[in-house]
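Reading the structure
The residues making up each chain are set out below.
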Amino acid sequence: MKQFVVGGMSCAACVARVEKAVKEVDGVTSCSVSLLTNQMAVEGSFEDAMVIASVEKAGYQASVKGVESVVLDDGSSSLKLRLWYSLGFLVVLMYLSMGYSMFGFVVPRFLEGNYIGLGILQMLISFVVLVIHKKYFVNGFKGVLHKAMNMDTLVAMGSFVSFAYSFVVLMKMTAGGNLLHMYHDLYFESAAMIPTLITIGKLLEARSKGKTTDALRGLLDLAPKKAVVLRDDAEVQVLVEDVLVGERFIVKAGCSIPLDGVVVKGSSAVDESSLTGESIPVEKSANDEVFAGTMNTSGYLECVVTSASKDTTLAKMIELVQQASSTKAPIARIADRVAGVFVPCVVSIALLTVVVWLMKGMDVGFALARGISVLVISCPCALGLATPVAIMVGNGVGAKNGLLFKTSEALENASKVDVVVFDKTGTITCGNVEVVDVYGEDSLLDVAYALEKKSEHPLAKAIVKYCEGRTLLECSLFEVLVGSGVKGVVGGKTCYGGKLSFIEDVASVDDKYVAFGKELALSGKTALYFSCDGVVIGVIGVADTIRSDARDAIASIQKMGKKVVMLTGDTKVTAEAIGKMAGVDCVVSDVLPVEKMEVVECLKKQGKVMMVGDGINDALALTSSDIGVAIGAGSDIAMDAAKVVLMKSDLMDVVKAIRLSKATLVNIHENLFWAFFYNVVCIPLAAGVTAWKMSPMVGALAMSLSSVTVVSNALRLNGVKLDVDRYRYTSKDMDLSLIEIEKEKEVVLQVDGMMCSHCEKSVCDAVMGVTGVSRCIADHVRGNVYVYMKDAVNMDELVRVIEEEDYVVRKGE
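Rules of the game
Residues numbered from 1 in each chain as written. Predicted model: local features only at pLDDT ≥ 70, side-chain atom pairs only at ≥ 80, totals over all residues. Heavy atoms only, no water. Buried < 20%, exposed > 50% of the residue type's maximum accessible area, 1.4 Å probe, protein only. Helix = DSSP H or I, 4+ residues; strand = E, 2+ residues; numbered from the N terminus. Pairing = 2+ DSSP bridges. Phe/Tyr/Trp six-rings, centres within 6.5 Å; stacked < 30°, edge-to-face > 60°. Lys NZ or Arg CZ within 6 Å of the ring centre and 35° of its normal. Salt bridge = Lys/Arg side-chain N within 4 Å of Asp/Glu carboxyl O. Axes fitted to C-alpha atoms, helices over the stretch in contact; angles between N-to-C directions. Contact = heavy atoms within 4.5 Å.

For strand β19 (residues 526-532), a buried count of 7 out of 7 residues is recorded, marking the element as mostly surrounded by other parts of the structure. In β19, alternate side chains face the same way, and those of Thr526, Leu528, Phe530 and Cys532 on one face and Ala527, Tyr529 and Ser531 on the other are all buried. Where β19 meets strand β20 (residues 535-543), 7 bridges bridge the pair, whose relative direction is antiparallel. Of the residues in β20, the one forming a bridge with Ala527 is Gly541.

Shown next, in the form of structure tokens:
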């Protein structure tokens, strides 16, 4: 995705025009423009110059967004300057136009009764005001030339028509007639008042919009600009951009931590509330991680840099908030479709209004006043802001609470899910697995230590921690068999480690080990079996504790009317024991990473699915789900695959994410209702369908305040309480009994000629090239090749590829 900054947009019609122009560029697959941040996100294979040229051809400006291009300036400075200048002239103009003729205010003697002179003076002052607000006319008429009329077009047309009509009347006055009557037909003050009132509204809107980016501004302010590094045993202060990974930096009490790193010396309490929302400081000492933007509240820390300034956790948070704000929520498409035809329709209604009043016998001045009122009261700007301001504020609230939504769509849809699927290990459970039982031969722990030392699985880490202090044997030809276990050569023997269903395929299992494993499972523990040269040598029991907040989080989700499912690769007995303690609605056990994805796909046939996980083996399911949620302590792969990232490892944050999504969605609905309601009610009023006839100035004021109302309503999200549920949720009644997984079929081939692990690899590589094969395990000790498949496989093809490797296939089961 490429980010651009777009200039010159004033309303939703501009957004629609820019998106339409960019989507016509060759190679562009999608385009999303944010009126709030003036940013554009473009996906596809394209040249930047082509995209920029298409935007400029549409009548706007564009440039590639750099790191420094974050649009946080609310633009209020230039608006304020224009407003003060125009108000100064407008006061004089209103004094001459209304003060003298309506209230008898004093004017210079040479102007008393000189209505032509007063008219000329009004025209000159009005012209000066229009020049001050020339931006509306330049952008408005440029939009007409590019066939892309926008809000500025309506303002420019309304003001220009008022001025032109008044100029014609003034010319008639020079020919004589009832000068006082014609003087009252002058609308120079309306011509000047319309852009001035619009500018007042724009100023209020700009300030309100500026508040919606407070969260992003706050994140940027968190990042220290300089760091104190140790170079040649001296403390040197440098820019964070100049600090290299591996260098050491120091942080004294009361200072912000400038970069991500690992503590190598000292201890302190660090306030991480800026990243996680957790107010209690976290104790840090040697080997603990620290993060940029957090505060060292006490003590001295010496750390080693682990991430460059552009790759820190804080930098990624800022990038995610910006990215989410530049994407478009699905609900925004409603406003976009309306905005695409809104301005032409308003212009048509205004012309029709003038014609109808003229046909009813009203004078030209009256009819034009009604038409101008229609032009200036119509507000496509409110339509364009209804969704993005709520999304921006919602993302800001999420960031403050450690909830990061990668896209606007994720923020909108998180509350619409019908079922929440949790991974077990590291998500429902703490992931701090410990060895609790060991049963087997004397060599069991040595073999297990050697195998698991090279694995990153949480269960492996528990065994490694338990075996620390023992002599580590060499393990060669190590291989991770995803979803099954591990394999390697230890002490010249081919060894395997994993769950019973896997080990049974590669080794003979004594009944005593099977019985011991069942006892472990009944108590919610996981049994890991280890074998050498085709014989099981023992069982290691590991256990994980359920998170303290898991039961409350799951109960809260169920109160929302949503089903909760737990997925795990654990055995059925162990999984159901954990599921019962957690209180989930359904447990799906013995699933491989691919099968987790299949469960998600099966559930998606009934409704929207949220998947919550933390590990590499959850990545497929996270990507496949409607809303993927990665918890903070999880792997980078899981976080990349997810659409929502929880900075804390707190399951209650899943509940908060759903509540924030609901609050944001409700706010968007309120904004859209107001935007549509305002236009539906005000346009007929401006056209004069009631006894009260609206002046163009009142219409301009109403238009100004409509956008301010939308933005102000969005700002109410800052006060939302995520600890309290105030909303009602609608969810489909999911039938969890319909979950089906197409289990793998196993074929065992007896193969002669395999002598070592290299032979096993050669056979498996050949077999995996056959269409339909999902996994392959070869065991040279027993002379078996285990082939797993979900689709039909040509057995003759299997035999052929193995024999091409110079092995002999005797038979298959």
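Moving on from the coordinates now.
Attention now moves to the packing of aromatic side chains. The geometry of two aromatic rings is summed up by the distance between their centres and the angle between their planes. Evaluation of the coordinates by the stated rule reveals 13 aromatic pairs. Arranged with centres 6.4 Å apart and planes meeting at 40°, the rings of Phe4 and Phe46 form a pair that is tilted. Highlighted residues: Phe4 in strand β1 (residues 2-7) and Phe46 in the loop between β3 (39-44) and α2 (48-57), separated in sequence by 42 residues. Judged by relative accessible area, Phe4 falls into the buried class, the value being 0%. Between Trp357 and Phe366, the ring centres sit 5.1 Å apart and the planes meet at 80°, which makes this aromatic pair edge-to-face. The same class applies to Trp357 and to Phe366, which are both buried. Ring pairs connect the aromatic residues Phe673, Trp674, Phe677 and Tyr678, which therefore count as one cluster. Above the plane of the ring of Tyr136 lies Arg82, whose end atom (NZ or CZ) is 5.3 Å from the centre.

Within the structure shown, the criterion is met by 18 salt bridges. For Glu412, the salt bridge goes to Lys416, with nearest N and O atoms at 3.0 Å. Here the salt bridges do not stand alone but share partners, grouping Glu797, Arg800 and Glu804 into one network.

Positioned with a positive phi, Asp232 is a non-glycine residue whose angle comes to about 55°. Mapped onto the fold, Asp232 is located in the loop between β5 (226-231) and β6 (234-239). With relative accessibility at 77%, the residue Asp232 sits in the exposed group. Phi is positive for Asp590, which is not a glycine, with a value near 55°.

Attention shifts here to the sheet that holds strand β25 (residues 644-646). Pairing in this open sheet of 7 strands is mixed, and the strands run β13-β25-β24-β23-β14-β21-β22 from one edge to the other. The sheet terminates laterally at β13 (403-405) and β22 (586-588), the two strands that pair on one side only. On average, adjacent strands in this sheet sit at an angle of 20° to one another, irrespective of strand direction. Where strand β21 (residues 563-567) lies against β22, 3 bridges are found, and the strand directions are parallel. Paired with Leu567 across the bridge in β22 is Val588.

Attention now goes to the sheet that holds strand β15 (residues 434-440). With respect to topology, 6 strands assemble into an open sheet ordered β15-β20-β19-β18-β17-β16, the strand pairing being antiparallel. Since the sheet does not close on itself, it has two edges, and those belong to β15 and β16 (475-481), each with one partner. Averaged over all adjacent pairs, the angle separating strand axes in this sheet is 20°, with direction ignored. In terms of strand pairing, strand β18 (residues 493-498) meets β19 through 4 bridges, oriented antiparallel. Each residue of the ladder has a partner; that of Cys495, found in β19, is Cys532. Packed on one face of the sheet, helix α20 (residues 511-522) meets β15, β19 and β20 and runs near 10° to β20. Most of the contacts of helix α28 (residues 757-768) go to β18, to which it runs at about 55°, and overall it touches β16, β17 (485-490) and β18.

In short, shape yes, function no, at least from these values alone.
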